[in-house]
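A structural walkthrough
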Amino acid sequence: KKDYDLAARGFEEYVTRFPSGALIDMAVYNLGEAYYGQGKWEAAGRQFASALERFPKSKMTPSTRLLYALCLINLKRNVAEARQYLESIPADFPKSPEAKEAAAVLKKLSPAKPASKR
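Let us look at the structure shown here. Since this is a predicted model, take the numbers as computed values, not measurements.

Definitions and limits used
Residues numbered from 1 in each chain as written. Predicted model: local features only at pLDDT ≥ 70, side-chain atom pairs only at ≥ 80, totals over all residues. Heavy atoms only, no water. Helix = DSSP H or I, 4+ residues; strand = E, 2+ residues; numbered from the N terminus. Buried < 20%, exposed > 50% of the residue type's maximum accessible area, 1.4 Å probe, protein only. Contact = heavy atoms within 4.5 Å. Areas by Shrake-Rupley, 256 points an atom, 1.4 Å probe, with all protein chains shown as cover. Lys, Arg positive; Asp, Glu negative; His and termini not counted. Charge placed at Lys NZ, Arg CZ, Asp CG, Glu CD. Salt bridge = Lys/Arg side-chain N within 4 Å of Asp/Glu carboxyl O.

Let us now look at the overall build of the protein. Looking only at helices and strands, the protein features six helices and zero strands. With respect to the three principal axes, the spread of C-alpha positions in the protein is 65 × 25 × 25 Å. Buried positions account for 36% of the 118 residues belonging to the protein. For the protein, the proportion of contacts with a sequence separation of at least 24, taken over those separated by at least 6, is 43%. Only carbon and sulfur atoms are counted for the fraction: they give 55% of the accessible area of the protein, which is about 7800 Å². The centroid of the 20 positive side-chain charges in the protein is displaced by 9 Å from the centroid of its 13 negative side-chain charges.

With that out of the way, let us pick up the pattern of salt bridges. Taken as a whole, this structure holds five salt bridges when the rule is applied. Between arginine 65 and aspartate 92 there is a salt bridge, with its nearest N and O atoms 2.7 Å apart. A residue pair is termed long-range when its members are at least 10 positions apart, and arginine 65 in helix H4 (residues 61–75) and aspartate 92 in helix H5 (residues 79–92) qualify at 27 residues. With a relative accessible area of 46%, aspartate 92 lands in the partly exposed category. Here the residues in one salt-bridge network are Glu42, Arg46 and Arg77, joined through shared partners.

What follows is the structure, given as structure tokens:
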């Protein structure tokens with residue numbers, strides 16, 4: 001329903017109350033998504049970074065990498081790191097929907113090629 005504030009509060013509570021819960025990987029990821037939906041790039045990036053570090057084999061890894069990279073881009077910092085994450089998605093998860101999206105973002109990030117000299 002795109003009520004990111006309510007979602008963030010719920011996921012914050014789960015993460016706090018159940019730090020080793022069965023769904024903690026999803027809760028950390030979803031908390032990042034809720035912050036992302038609010039445009040809170042810094043907070044979202046921290047959650048995605050935490051998810052990548054804590055749950056590297058999660059089924060959400062392709063999406064987590066993509067959203068982490070987008071946070072860095074939105075923050076206008078560590079764009080080289082963002083590019084590395086974007087490049088890793090099609091390399092590691094070539095059939096994922098995120099691979100196609102990562103390629104599109106990379107294409108937008110690519111610097112314009114200089115005009116050829118005659």
